[in-house]
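These are the residues of each chain, in order.
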Amino acid sequence: MRLPQLFLAAVLFTLAAPSIHAAPKTPYGRAMTPFVAELNRQCPGRDLQDLSAGDLELIMEGFVERLTPAQRHKVEDAVGYRCARVEAGLTCANIASLDTFHRLGVLGSFVREACATKWTCKAFAACTQTQP
């Protein structure tokens, strides 16, 4: 009698687990949650979470240059630590940078800068930038 109950519990847990731990619908997953929330607050409807990794990295580059030396080192260290074994792509570095911006308390400032770029996205990597 106990075995069917355990089996049922395992099946129910397996079915429920994906919805409990589901990542936001972005190409970068759960690590983007604070970034997406801030984007929705500061420039709703522009869907900047859908910027290509390269476009996002270009915005980050300019932002990181204006951080304090200590903050810059924290971002660089986080990227180096997390992405040392990643051979290609910018996604790892972008996620590490966004996470570090969040931990340093400068994510809101970064998003303000990203919103000021005038990018708007319709889908992942389908973004256009309006000229002022």
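Please read these numbers as outputs of a predicted model, since none were measured by experiment. (Residues numbered from 1 in each chain as written. Predicted model: local features only at pLDDT ≥ 70, side-chain atom pairs only at ≥ 80, totals over all residues. Heavy atoms only, no water.)

A. Spotlight on the overall build of the chain. Of the regular secondary structure elements, the chain holds six helices and two strands. Helices (α) and strands (β) of the chain occur, in sequence order from the N terminus, as α-α-α-α-α-α-β-β. Looking at the chain residue by residue over its 132 residues, the buried ones come to 35%. Residue pairs in contact within the chain that sit at least 24 positions apart in sequence constitute 62% of those at least 6 positions apart. As presented, the chain carries roughly 8500 Å² of accessible surface, and 60% of it is formed by carbon and sulfur atoms. (Helix = DSSP H or I, 4+ residues; strand = E, 2+ residues; numbered from the N terminus. Buried < 20%, exposed > 50% of the residue type's maximum accessible area, 1.4 Å probe, protein only. Contact = heavy atoms within 4.5 Å. Areas by Shrake-Rupley, 256 points an atom, 1.4 Å probe, with all protein chains shown as cover.)

B. View of the state of the cysteines. What the rule picks out here adds up to three disulfides. There is a disulfide in this structure between Cys83 and Cys92, and the S-S distance comes to 2.0 Å. Its S-S torsion of about -95° marks the bond between Cys83 and Cys92 as left-handed, since a negative value means left-handed. Here Cys83 matches Cys92 in class, with each residue buried. Residue Cys121 pairs covalently with Cys127 via a disulfide, S to S 2.0 Å. Residues Cys121 and Cys127 share a disulfide whose torsion about the S-S bond is about 105°; that sign makes it right-handed. When the bonded cysteines of the chain are counted from the start of the sequence, the pairing works out to 1-4, 2-3, 5-6. (Disulfide = S-S within 2.5 Å.)

C. Structural context of helix α4 (residues 69-83). Helix length check: α4 (15 residues) gives 21 Å between terminal C-alpha atoms against 21 Å at 1.5 Å per residue, within 8%. Among all positions of α4, only Gln71, Val75, Ala78 and Cys83 are buried. End-on, the buried residues of α4 take up no more than an arc of 95°, which puts them together on one face. Pointing more than 90 degrees away from the buried face of α4 are the exposed residues Asp77 and Tyr81. Looking at the packing, one finds that the buried side of α4 touches α3 (53-65) and α5 (91-104). (Expected span 1.5 Å × (residues − 1). Arc of directions from axis to C-beta.)

D. Representation of the pattern of salt bridges. Under the defined criterion, the tally for this structure stands at four salt bridges. Note that Arg41 and Glu38 form a salt bridge whose closest N and O atoms lie 2.5 Å from each other. In this pair, Arg41 and Glu38 are both assigned in helix α2 (residues 33-42), three residues apart and thus about one turn of the helix distant. Owing to a relative accessible area of 16%, Glu38 belongs among the buried residues under this scheme. One network of salt bridges, with partners in common, ties together Arg82, Asp99 and Arg103. (Salt bridge = Lys/Arg side-chain N within 4 Å of Asp/Glu carboxyl O.)

E. How the structure looks around the packing of α3 against α5. Their axes nearest at 10 Å, the elements α3 and α5 cross at an angle of 45°. Regarding the angle of α3 to α5, the classification is oblique. The chirality of how α3 crosses α5 is left-handed. Counted together, Ala53, Leu56, Glu57, Met60, Phe63 and Val64 of α3 and Thr91, Asn94, Ser97, Leu98 and Phe101 of α5 form the full contact between these two elements. Split by residue class, the contact of α3 with α5 holds seven nonpolar, three polar and one charged. (Axes fitted to C-alpha atoms, helices over the stretch in contact; angles between N-to-C directions. Parallel < 35°, antiparallel > 145°, perpendicular 65-115°, else oblique. Left-handed = near helix turned anticlockwise from the far one by under 90°. Nonpolar A, V, L, I, M, F, W, Y, C, P; charged D, E, K, R; others polar.)

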